[in-house]
Amino acid sequence: MEQTASLEAFFQDVVDRALRAERVETSSLTEHYLVRLLASYSRQPIDETPLALKLLGAFEAAPRERRERLREVGDTSLFVSGFWTDSFGRRAVDVDYYIDMGGSAYGQLARVGPGWQRDPFGDVYGNLAENFVRFVAVLELVSRWLMPTAAPQDIIRLYEKWRQTGSGWAARRLAAAGVLPQNGGTRPQ
């Protein structure tokens, strides 16, 4: 229990600094949710099941299990797209896939109406859904602070991915690595 508390205290400090650095204002409950998410994923491996299959399974599940599965899709999407952004340069699946899946899952969790019970974290899920990309940037900053920078070959792979797709995410990652857009355009130099 002491290890869990110290791990959450560590992430609390880092998440708080990253939220301020990215100028993301959020509730203390949403900040606490991010801290718990990071602490949780630091202790367990990521399930490799494709998110699309998890999301499909969630929609086919009973309401209680549906909420749990949607939360898992949202959490996995947020963690992977924010904390492991550098790995997308080596994958066929783009970060936009994770962003779409996660935002959609959190949006469903925030939903209220027939067949849905009011969730105490509904406002947190709504905030995460509406600002998913901003929270990805927060976790990306946490990742950069905690992990070494990308190797040159990773930057080259990212550049190739950007050239093939024109991805705005890849352009921002390249700019963060010092490969800046030419003449204010969208293509890096």
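Residues numbered from 1 in each chain as written. Predicted model: local features only at pLDDT ≥ 70, side-chain atom pairs only at ≥ 80, totals over all residues. Heavy atoms only, no water.

S.K.: Explain the overall build of the chain to me, using residue names and the numbers behind them.
M.R.: Scanning the chain for helices and strands turns up nine helices and zero strands. Starting at the N terminus, the α and β elements of the chain follow one another as α-α-α-α-α-α-α-α-α. Total accessible area computed for the chain in this model is approximately 10600 Å², and 52% of it derives from carbon and sulfur atoms. (Helix = DSSP H or I, 4+ residues; strand = E, 2+ residues; numbered from the N terminus. Areas by Shrake-Rupley, 256 points an atom, 1.4 Å probe, with all protein chains shown as cover.)

S.K.: Describe the confidence of the model for the chain, and please don't skip the residues or the numbers.
M.R.: Across the chain, the average pLDDT comes to 80, with 75% of residues at or above 70. Low pLDDT, under 50, characterises residues 183–189; the stretch is placed with 18 contacts to residues that sit more than four places away or in other chains. (pLDDT = per-residue confidence, 0-100. Contact = heavy atoms within 4.5 Å.)

S.K.: Please give an account of the pattern of salt bridges that cites residues and values.
M.R.: Applying the stated criterion across every chain, the model contains eight salt bridges. As a salt-bridge pair, Glu8 and Arg36 come within 3.1 Å of each other at their nearest N and O atoms. Here Glu8 is found in helix 1 (residues 2–21), whereas its partner Arg36 is found in helix 2 (residues 28–43), with 28 residues between them in sequence. Residue Glu8 is classed as buried on the basis of its relative accessible area of 16%. (Salt bridge = Lys/Arg side-chain N within 4 Å of Asp/Glu carboxyl O. Buried < 20%, exposed > 50% of the residue type's maximum accessible area, 1.4 Å probe, protein only.)

S.K.: I'd like to hear about helix 7 (residues 132–146), residue by residue, with values.
M.R.: Along an α-helix, a turn takes 3.6 residues, which lines up residues three or four apart on a common side. Between the first and last C-alpha of helix 7 there are 21 Å, a value that for 15 residues agrees with the 21 Å anticipated at 1.5 Å per step. Along helix 7, the residues that are buried comprise Phe132, Phe135, Val136, Val138, Leu139, Glu140, Leu141, Val142 and Ser143. (Expected span 1.5 Å × (residues − 1).)

S.K.: Pulling in residues and values, what's your account of a nonpolar patch on the surface?
M.R.: Together, Phe10, Trp145 and Leu146 make up a nonpolar patch on the protein surface, roughly 270 Å² of accessible area in all. Under the relative-accessibility criterion, Trp145 is labelled partly exposed at 37%. (Patch = residues over 30% accessible without salt bridge, like charges linked within 9 Å, V, L, I, M, F, W, Y side chains within 5 Å.)

S.K.: Any chance you could break down the packing of helix 5 (residues 95–110) against helix 6 (residues 122–130) for me, citing the residues and the numbers?
M.R.: Taken N-terminus to C-terminus, the directions of helix 5 and helix 6 make an angle of 150°; their axes are 8 Å apart at the nearest point. Taken together, helix 5 and helix 6 sit at an angle that is classed as roughly antiparallel. Handedness of the crossing formed by helix 5 with helix 6: left-handed. Of helix 6, the residues touching helix 5 (which contributes Gly103, Tyr106, Gly107, Leu109 and Ala110) are Gly122, Tyr125, Gly126, Leu128 and Ala129. Here the contact of helix 5 with helix 6 is composed, by residue class, of six nonpolar, four polar and no charged. (Axes fitted to C-alpha atoms, helices over the stretch in contact; angles between N-to-C directions. Parallel < 35°, antiparallel > 145°, perpendicular 65-115°, else oblique. Left-handed = near helix turned anticlockwise from the far one by under 90°. Nonpolar A, V, L, I, M, F, W, Y, C, P; charged D, E, K, R; others polar.)

S.K.: Now, about the environment of Leu51: what can you tell me, with residues and values included?
M.R.: In this structure, Leu51 sits in helix 3 (residues 51–60). C-alpha separation for the pair Leu51 and Tyr98, spaced 47 residues apart in sequence, amounts to 7.9 Å. Beyond its immediate stretch of four places on either side in the chain, Leu51 contacts Val73, Thr76, Ser77, Tyr97, Tyr98 and Met101.

S.K.: Hey, could you go over unusual backbone geometry for me, with residue numbers and the actual values?
M.R.: One non-glycine residue, Arg23, lies in the positive phi region at around 55°. Within the fold, Arg23 resides in the loop between helix 1 and helix 2. Here Arg23 falls in the exposed class, since its relative accessible area comes to 70%.

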